[in-house]
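# Structural overview for review
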Amino acid sequence: MGIVPARAVAATGIPARIGTLIRNVTGAAVAVLVVAEILVLFAGVLARYVFHAPLIWSDELASILFLWLAMLGAVVAFERGEHMRMSAFVGGLRQPFRGFFDALAIAVPLLFLSLALGAAYEFAVDEIIVATPALDISAGWRVAALPVGFALMLVLAVLRLIERTDWRVTLAAVALVVVAAAVFAALRPSFTGLGNLNLLIFFVGLVGAMVLAGIPIAFAFATATFGYIALTTRLPHSVVIGRMDEGMSHFVLLSVPLFVFLGVLIEMTGMARAMLAFLASLLGHVRGGLQYVLVGAMYLVSGISGSKAADMAAIAPVLLPEMEKRGADRGELLALLAATGAQTETIPPSLVLITIGSVTGVSIAALFAGGLMPALVVGALLCCVVWLRSRKDDLSGVRRASFGEIAKALVVALPAIALPFIIRAAVIEGVATATEVSTIGIAYAVLAGLLIYRRFDWRRLYPMLVDTAALSGAILLIIGAATGMAWALTQSGFSAALAHMMTSLPGGAVGFMLVSLVAFIVLGSLLEGIPAIVLFGPLLFPIARQVGVNEVHYSMVVILAMGIGLFAPPFGVGYYAASAISRIRPDEGMRPMIGYIAALFIGTLIVAAVPWISTGFIR
């Protein structure tokens, strides 16, 4: 999913020293920022709920730190080549074509960063005169993160181009970007008379070409939006930066890095292993038992971490080797792991749920309450496929765990099993917001690791913090870029035209739901879940209200549909993430995946047809 430079040599001399300096400084900075966010938000919860003396400045300080964390995290992700991209097409190419597209994936971000840096500086200067309400300091301290982050990524992009050894291919890629930019600039007078046809040129043609060419999704969105604003309107370029800032600064998004960190924390402390051990003792002796354990474990772990990659990484290394020892087909394991990734997207505190709440205004508490049953229904259908495929398994060498062994495993696992229920209860009962509850989970996991499971590797803490910031930065930059793109679509009048078209579909609410289901399967395979939600959520959710579809019900259908696209080969990047985590070749899971995709689709249709599944537990 990241950018893998072709034939890049180990850099030496000044470029290497500059790159190392940026890597070390930003790594240390983001680690400190993640810890600071946890402490500030947790202090706010304690002050309000325990001491009944709210800290009026805690949310504001957390917001200031958060934008710096997002931008510096994006810098770390850029340095590592971890910004999300669609690699299905590029990954199948041979050299030198693969090297050309890898160079293109650096040159296009370099173009955007070069153009946007001045606008980001201008935006930051304009914010200097604004004072924050609680701390009474200049808002410039917060938004300065934008030009600083852009500048650091620009330097890294230049360094990475210099480091490449295939300089002819690199020059060809850079030349293509420069020529394309010059052609678009020369056509500016023509664009002004095209009206909404420009939307097809920039947001369908240009974005589609960049995504298929393997350009990181965030930079594909941002480049197209910047080009659209600069070449077809008279708006100042800083408008794009302002919309990106708005998208990344929703307070509820502060929970993104914290839930990502919580996900890796439960693996490090042994909590995930304890849950797996209990489920294995309960079901390991039945045919397909460990497959059922995988489905159940993903359901439980997803209630702790908001990141599917973190969930799969916590479970696969523990469970999959034992499944292979029992003779399970490797392709079957990969397919089931990917399918459970799609199935559990609705389980709180899913990052997709949090994103929907931040961009559409749907209650986070309602989404958290409504997400459990849809995943259970789809999980039951996955278990039906497991049952059909495992009826002839040979269990002659498998011993059934005794009641005492099951009871002991349950006692050991109880502290871990309790965590998702604590997280959900804290939000539903109003103890903490969806943003703050992640800090309660982190505090609980740290105490459980230190006092109960006696597993807490302090040496892993720093890499975990940096990894958390890198993943969060990549996600948040996509959200910012998609917010800018969605704003441009809305201002053009596209949202009104889309609303008219969707409300005119035959079948009313049923027709709208079916079209949305198919559309989000496609969007999930091409754009991943979060970018698709940020881009189309503000456009489609008002239409759902207009045709009489409950927002929570619609959210669940949309999330499950995107999950199918995200984890379905050959385009779904989630499928390749599952392949990398399980260390099983993608081609091995293609055929077994067909049955699981069918189960996912049928389950999504059932959730779409029965609103109670999504809304029955909402107060």
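Structure report, in brief. (Residues numbered from 1 in each chain as written. Predicted model: local features only at pLDDT ≥ 70, side-chain atom pairs only at ≥ 80, totals over all residues. Heavy atoms only, no water.)

### Observations concerning the overall build of the protein chain
We count it as follows: Only DSSP runs of H or I with at least four residues qualify as helices, and only runs of E with at least two residues qualify as strands; both kinds are numbered from the N terminus onward. Radius of gyration: over C-alpha atoms. The globule rule applied is 2.2 Å multiplied by the number of residues raised to the 0.38 power. The rule is simple: take the accessible area with a 1.4 Å probe, protein chains only, and divide by the maximum for that residue type; under 20% is buried, over 50% is exposed, in between is partly exposed. The contact definition used throughout considers only heavy atoms, calling two residues in contact when any of these lie within 4.5 Å. Values of accessible area rely on a 1.4 Å probe in the Shrake-Rupley scheme; residue burial ignores everything except the protein chains shown.
Secondary structure summary: the protein chain contains 28 helices and 0 strands in total. Against the compact-globule benchmark of 25 Å for 619 residues, the protein chain has a radius of gyration of 24 Å, which places it among compact chains. By principal-axis analysis of the C-alpha atoms, the protein chain measures approximately 75 × 55 × 55 Å. Per-residue burial over the protein chain gives 56% buried out of 619 residues. Long-range pairs, those at least 24 residues apart, make up 82% of the contacts in the protein chain with a sequence separation of at least 6. By element, 69% of the accessible surface of the protein chain is carried by carbon and sulfur atoms, the whole surface being about 24,400 Å².

### A closer look at the packing of helix H11 (residues 255-268) against helix H21 (residues 461-491)
For clarity, the threshold we go by: Between the N-to-C directions of two axes lies an angle of 0 to 180 degrees, each axis being a line fitted to C-alpha atoms and, for a helix, fitted only over the stretch in contact. For a crossing to be left-handed, the near helix must be turned anticlockwise from the far one by less than a right angle; the clockwise case is right-handed. Under the convention adopted here, Pro, Cys and the residues Ala, Val, Leu, Ile, Met, Phe, Trp and Tyr are nonpolar, Asp, Glu, Lys and Arg are charged, and Gly plus all remaining residues are polar.
Where H11 contacts H21, the two axes come as close as 9 Å, and the packing angle between them is 140 degrees. As H11 packs across H21, the resulting crossing turns out to be right-handed. On H21, the residues that touch Val256, Pro257, Val260, Phe261, Val264, Leu265 and Met268 of H11 are Leu461, Met464, Leu465, Thr468, Leu471, Ser472 and Ile475. When the residues that make up the contact of H11 with H21 are grouped by side-chain class, the tally is 12 nonpolar, 2 polar and no charged.

### Remarks on the side chain of Thr170
With respect to the secondary-structure elements, Thr170 resides in helix H6 (residues 167-186). Among the residues examined, Thr170 registers a relative accessible area of 7% and is labelled buried. In this structure Thr170 touches Ala103, Leu161 and Arg164, once residues within four positions along its chain are discounted.

### A look at the pattern of salt bridges
Short version of the rule: Just to be clear on terms, a salt bridge is a Lys or Arg side-chain nitrogen sitting within 4 Å of an Asp or Glu carboxyl oxygen.
Overall, the coordinates contain 15 salt bridges when judged by the stated rule. For Arg85, the salt bridge identified is with Asp102, shortest N-O distance 3.5 Å. Linking Arg85 in the loop between helix H2 (58-80) and helix H3 (97-127) with Asp102 in helix H3, this pair joins segments that are 17 residues apart in sequence. You'll find Arg85 and Asp102 in the same group, each marked buried. Here Arg389 makes a salt bridge to Glu332, at a shortest N to O gap of 3.0 Å.

### Observations regarding the nonpolar core
Side chains of a nonpolar character, in soluble globular proteins, are inclined to be buried together. To keep things clear, this is the line we draw: In this description, a nonpolar core means a group of buried Ala, Val, Leu, Ile, Met, Phe, Trp, Tyr and Cys residues linked to one another through side-chain atoms lying within 4.5 Å.
Counting 217 residues, the largest nonpolar core has Phe150, Phe203, Phe520 and Tyr554 as its most contacted members. Those residues in contact with Phe203 that sit more than four places away from it in its chain are Asn198, Ala224, Thr225, Tyr228, Met485, Ala488 and Leu489.

### Things to note about the environment of Leu159
Assignment of secondary structure puts Leu159 in helix H5 (residues 145-163). Distance in space between the C-alpha atoms of Leu159 and Ala16 is 8.2 Å, their sequence separation being 143 residues.

### Some words on H11
Let me state the cut-off plainly: To estimate how far a helix should extend, the number of its residues minus one is multiplied by 1.5 Å.
The end-to-end C-alpha separation of H11 is 20 Å, in line with the 20 Å expected for 14 residues at 1.5 Å each. Of all 14 residues in H11, 12 are buried, a share of seventy percent or more. Within the span of H11, buried status applies to Ser255, Val256, Pro257, Leu258, Phe259, Val260, Phe261, Leu262, Gly263, Leu265, Ile266 and Met268. Following H11 by one or two positions, Gly270 has its phi on the positive side, about 90 degrees.

### Quick word on the environment of Ala180
With respect to the secondary-structure elements, Ala180 resides in helix H6. Separated by 137 residues in sequence, Ala180 and Ala43 have C-alpha atoms that sit 51 Å apart.

### Thoughts on helix H1 (residues 13-50)
In this model H1 runs 55 Å from its N-terminal to its C-terminal C-alpha over 38 residues, within 8% of the 56 Å that 1.5 Å per residue would give. Immediately downstream of H1, the backbone of His52 shows phi near 55 degrees, a positive value.

### Concerning the packing of H3 against helix H10 (residues 238-248)
Here is the rule we go by: If an angle is under 35 degrees, it is roughly parallel; if it is over 145, roughly antiparallel; if it lies from 65 to 115, roughly perpendicular; otherwise it is oblique.
Relative to each other, H3 and H10 sit at 80 degrees, their axes nearing to 8 Å. In this view, H3 runs roughly perpendicular relative to H10, as classed from their interaxial angle. Where H3 approaches H10, its residues Phe112, Ala116, Ala119, Ala120, Glu122 and Phe123 are matched on the opposing element by Ser238, Ile241, Gly242, Met244 and Asp245. Of the residues that constitute the contact of H3 with H10, the class distribution is 7 nonpolar, 2 polar and 2 charged.

The values reported here are purely geometric and, on their own, carry no functional implication.
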